[in-house]
Amino acid sequence: MEALILPDKGTKMLYQSLPLYSISPTKFSVFASSLSHNLGRSYASSSPAQDMGLKLSKRTSSSSSGDFSKACFPFYKIRGSVKHTTPNAYDQRTQELVVEEEAPQISETSLPLKIFRGHAFPMGVSEVENRINFAIFSQHATAVTLCLSLPNRGSIDRPDDGMVELPLDPRVNKTGDIWHICIEDLPRSNVLYGYRIDGPQDWHQGHRFDSSIVLIDPYAKLVEGRRLFADTSAKFSKFLGTYDFDSSPFDWGDNYKLPNIPEKDLVIYEMNVRAFTADESSGLDPEIRGSYLGLIEKVPHLLELGINAVELLPVFEFDELELQRRCNPRDHMVNTWGYSTINFFSPMSRYSSGGGGPLKASREFKEMVKALHGAGIEVILDVVYNHTNEADDVNPYTTSFRGIDSKVYYMMDGNGQLLNYSGCGNTLNCNHPVVMELILDSLRHWVVEYHVDGFRFDLASVLCRGTDGSPLNAPPVIRAIAKDATLSRCKIIAEPWDCGGLYLVGGFPNWDRWAEWNGKYRDDLRRFIKGDPGMKGSLATRLAGSADLYRVNKRKPYHSINFIIAHDGFTLYDLVSYNFKHNEANGEGGNDGCNDNFSWNCGFEGETSDASIKALRSRQMKNFHLALMVSQGTPMMLMGDEYGHTRYGNNNSYGHDTAINNFQWGQLEDRKNSHFRFFSEMIKFRHCHQILGRDNFLDKNDVTWHEDNWDNYGSKFLAFTLHDNNGADIYVAFNAHNFFVKVSIPPPPLKRQWFRVVDTNLQSPDDFVHEGVPGIGKTYNIAPYSSILLEAK
């Protein structure tokens, strides 16, 4: 195995002055033996830069005339020198080609770079002794070039300035389908890197190679891009991988421990890291608004609310300005949700404080996880393995996978055209062995390196499709995730549908581990609470844990993730304030977003000053929240619903970095003693009553349904009692009629009496009384669109 030694710091002037594409071969000579004793050939002095695998590149539109070498290399020459060394880490002998500096007037010390064959694993960048190894997969590539931008040479905005390009020889730097190279004395941090990859140009065979683009390593652990979120002055910033082997390991602390909360006890809070504190009303220093550190500052709010798990909208690196890269109807928007992944290993760098970049983002992400764990709150990541940011063939945004090996990474039809089951232009080929291993490696990385507690898989039905897009009964990647030892402690949650119509609610391949977003729960609860007829039986089924969907094999009620509101769709306030979506601001003519919202505006579309309508909306929001918290299964609520956040009817607000999405801390403060109080108290009530979150499905001894007319299509009233072994029973009744219902209250358990804890028709603080109000008689008059909860004490 040979080594090529290049000058580093001593070539600063060289990189800055180089106006053309490569070292001129006319001024250099190389005296070297074969690059590999197996190749049986020697390098000709006519093209040393190519044969040695070296290219110093400054790709600009400028041209030059005259003697290139005299203009740019007055002090340099390459001189061959061969020496043998002892076996290295790969147990092979090396030969070195030495590039020496002849410029004593340059004051900087030369740092030579020795290049070795490298090895195929691990993927990405790794450190072996004092060497940096690079490895990347591409089955169909015919040429791979490693591109390096060293510290103080070039910038992320112009990464080609001062970029070192090292073409990899497939006879030396390739094992199977993995291309690799190892470099000694390369800086251990602050290096930007990527790849130029070329290959077949046959579009109809699925190839999309373009060697003009420097691509991100899919296994890059850190990605450098623009530093400030939505900085339009850096709209066209390039993204490159980087690494850090200089920093000390993160200090998790001597008393640190994982929360390890049982699934039956979870109350999940779906939230967006940036939107949580980006608004000025957060009261935070501008440097940390919208950052991982900003979230830490608001942990007391999460504790006051009572949740014990956060589900973070995507935090993998994404380009929030991707919609603005070309003229289109959406080019005014900023992708704030992040469902457009650039890389599956790197934390979103612009969520660091003060534009600190990827390394700072990595450290601050860990600080956030540590703080949440210290507060007893688990961290679940919303992950997007169904598609990437690279869009479609009409308007591609090639940054990585597409240019590395699109035929492997993406599902395609028989004509080499991208299949689109994600609704975003492409579909990741998740059950291809290489892509499956990438997904597993990514998940393990977030568990081992960042200590996250679980994952929610966006459009997870895509992961249930074969390489041709057809549904699989036992998808390999789904099974592998369920059986993986590293992921064994993690919560794994599927969004069990995709945009190709593969709806798997209740039927997601699960291996008794996968939980599911229960879309049927959402729809049935919405329809009953708003007053649709014929929904009483469906409501009972959902409140009892959806046994019709999940009572199979060893599945449990907590495998149903119960939700009424999520990031996409109406907020809870908008669900009771709008009959129709109002997405005009999105620029798509109202054609985006779901049309089937099962919402009811309570008599007026949008904002109103009518006191009776506002009171009805308040009741309805409390009815929804009460139902969510007394249902068997795992409840999930949306950030902002605890104070009644509105998006003014926009049910697809992914592109608005404004108050439409941003948490409004002033509104929270205004409603702290009313709306928020009810939501917080109800969550804490659930935590204190184990019968609201059982390990097993209810049987006839666990619940009594106070109903003798299930077939009454017009009935919109449901009441039931949950029985506790110690007599601490709970009675709940929902009235979705537009009139009062006088209901007979069942006798309390022996030596107990009923106390009213909740009546959603009452104003705060009477709507929730923690200690309960005694004196409940044999009947109770429940107001229209109201609900009650009684506790036996």
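Residues numbered from 1 in each chain as written. Predicted model: local features only at pLDDT ≥ 70, side-chain atom pairs only at ≥ 80, totals over all residues. Heavy atoms only, no water.

The name an unreviewed UniProt entry gives the protein is Isoamylase 3 chloroplastic, with Melia azedarach as the organism.

Topic: the overall build of the protein
Assigned secondary structure in the protein consists of 17 helices and 30 strands. Taking the contacts inside the protein whose residues are at least 6 apart along the sequence as the reference set, 74% of them involve residues at least 24 apart. As displayed, the protein has an accessible area near 29,800 Å², and 49% of this comes from carbon and sulfur atoms. (Helix = DSSP H or I, 4+ residues; strand = E, 2+ residues; numbered from the N terminus. Contact = heavy atoms within 4.5 Å. Areas by Shrake-Rupley, 256 points an atom, 1.4 Å probe, with all protein chains shown as cover.)

Describing the packing of aromatic side chains
For the structure shown, the criterion picks out 43 aromatic pairs. Considering the side-chain rings of Phe250 and Trp252, the 4.8 Å spacing of their centres and the 75° angle between planes classify their relative orientation as edge-to-face. Summarising the burial analysis for this pair, Phe250 and Trp252 share the class buried. Taken together, a centroid distance of 4.8 Å and an interplanar angle of 10° make the contact between Phe316 and Trp446 stacked. Pair noted here: Phe316 is in the loop between β16 (309–312) and α7 (358–374) and Trp446 is in helix α9 (residues 433–448), with a separation of 130 residues, a long-range link. (Phe/Tyr/Trp six-rings, centres within 6.5 Å; stacked < 30°, edge-to-face > 60°. Buried < 20%, exposed > 50% of the residue type's maximum accessible area, 1.4 Å probe, protein only.)

Let's talk about the sheet that holds strand β19 (residues 491–494)
Strand order in the closed barrel made by the eight strands is β15-β16-β17-β18-β19-β20-β21-β22, with parallel pairing throughout. Across the sheet, the mean angle from the axis of one strand to that of its neighbour is 25°, orientation sign disregarded. Sheet topology note: the strand β15 (residues 268–271)/β16 ladder contains four bridges and is parallel. Pairing of Met271 across the sheet is with Leu312, part of β16. (Pairing = 2+ DSSP bridges. Axes fitted to C-alpha atoms, helices over the stretch in contact; angles between N-to-C directions.)

Regarding the side chain of Ser189
When you line up the elements, Ser189 lands in strand β12 (residues 189–198). There is a polar contact of 2.6 Å between the side chain of Ser189 and the side chain of Asp246. Ignoring anything within four residues of it in the chain, the contact list for Ser189 reads Pro151, Tyr243, Asp244 and Asp246. (Polar contact = N/O pair within 3.5 Å; in protein donor to acceptor, adjacent residues only side chain to side chain.)

Structural notes on α9
Along its 16 residues, α9 runs 22 Å from first to last C-alpha, staying within 8% of the 22 Å computed at 1.5 Å per residue. The inward-facing, buried residues of α9 abut α7, β17 (378–383), α8 (401–409), β18 (454–457) and α10 (476–483). (Expected span 1.5 Å × (residues − 1).)

Some points on the sheet that holds strand β27 (residues 754–759)
Strand order in this open sheet of six strands is β23-β24-β25-β30-β27-β28, and the pairing throughout is antiparallel. If you trace the sheet from one side to the other, it starts and ends with β23 (703–705) and β28 (768–773), each paired once. When the angles between neighbouring strand axes are averaged without regard to direction, this sheet yields 15°. Judged from the three bridges that link them, β23 and strand β24 (residues 717–722) form a sheet pairing that is antiparallel.

Observations concerning the side chain of His689
Take His689: it is sitting in the loop between α17 (675–688) and β23. For His689, a relative accessible area of 12% puts it in the buried group. Look past the residues within four positions of His689 in its chain and what remains in contact with it is Ile730 and Glu791.

Some thoughts on unusual backbone geometry
Backbone torsion omega between Phe121 and Pro122 reads 0°, so that peptide bond is classified as cis. Inspection of the secondary structure puts Pro122 in the loop between β5 (113–116) and β6 (124–128). Of the consecutive residues Ser764 and Pro765, the connecting peptide bond is found in the cis state with omega at 10°. You can see Pro765 is positioned in the loop between β27 and β28.

Here we look at the environment of Asp198
Structurally, Asp198 is set in strand β12. Placed 11 residues apart in sequence, Asp198 and Phe209 show a C-alpha to C-alpha distance of 5.4 Å. Contact partners of Asp198, with chain neighbours within four places excluded, come to Ala141, Thr142, Ala143, Phe209 and Ser211.

Thoughts on the environment of Arg363
Structurally, Arg363 is set in helix α7. With a relative accessible area of 38%, Arg363 lands in the partly exposed category. Sequence separation of Arg363 and Ser352 is 11 residues, and the distance between their C-alpha atoms is 8.7 Å.

Here we look at the environment of Glu304
Within the element layout of this structure, Glu304 appears in helix α6 (residues 299–305). Look at Glu304 and you get partly exposed, because its relative accessible area is 35%. On a C-alpha basis, the gap between Glu304 and Ser680 in space is 7.0 Å, while along the polypeptide they are 376 residues apart. When residues no more than four places from it in sequence are discounted, the contact partners of Glu304 are Lys672, Phe676, Ser680 and Lys684.

Some points on the packing of α9 against α10
If you want to describe how two helices pack, look at the angle between their axes and the distance between the axes. Interaxial distance between α9 and α10 falls to 10 Å at its minimum, and their mutual angle equals 25°. Classed by the angle they form, the pair α9 and α10 counts as roughly parallel. When you trace α9 past α10, the crossing you get is right-handed. Across from Met436, Ile439, Leu440 and Leu443 in α9, the residues of α10 making contact are Pro476, Val477, Ala480 and Ile481. Looking at the contact of α9 with α10, its residues break down into eight nonpolar, no polar and no charged. (Parallel < 35°, antiparallel > 145°, perpendicular 65-115°, else oblique. Left-handed = near helix turned anticlockwise from the far one by under 90°. Nonpolar A, V, L, I, M, F, W, Y, C, P; charged D, E, K, R; others polar.)

Thoughts on the pattern of salt bridges
Following the criterion strictly, the structure yields 39 salt bridges and no others. Between Arg188 and Glu127 there is a salt bridge; the shortest N-O distance is 2.6 Å. Highlighted residues: Arg188 in the loop between β11 (178–184) and β12 and Glu127 in strand β6, separated in sequence by 61 residues. Looking at Glu127, the relative accessible area reads 31%, which means it is partly exposed. (Salt bridge = Lys/Arg side-chain N within 4 Å of Asp/Glu carboxyl O.)

Concerning α10
If you check which residues of α10 are buried, you get Val477, Ile478, Ala480, Ile481 and Ala482. Next to the buried residues of α10 lie α9, β18 and β19.

Digging into the pairing of β12
Most of β12 is tucked away, with eight of its 10 residues classed as buried. Sheet analysis places β12 next to strand β14 (residues 240–244), joined by three bridges and oriented antiparallel. Bridge pairing in β14 places Tyr193 opposite Gly241.

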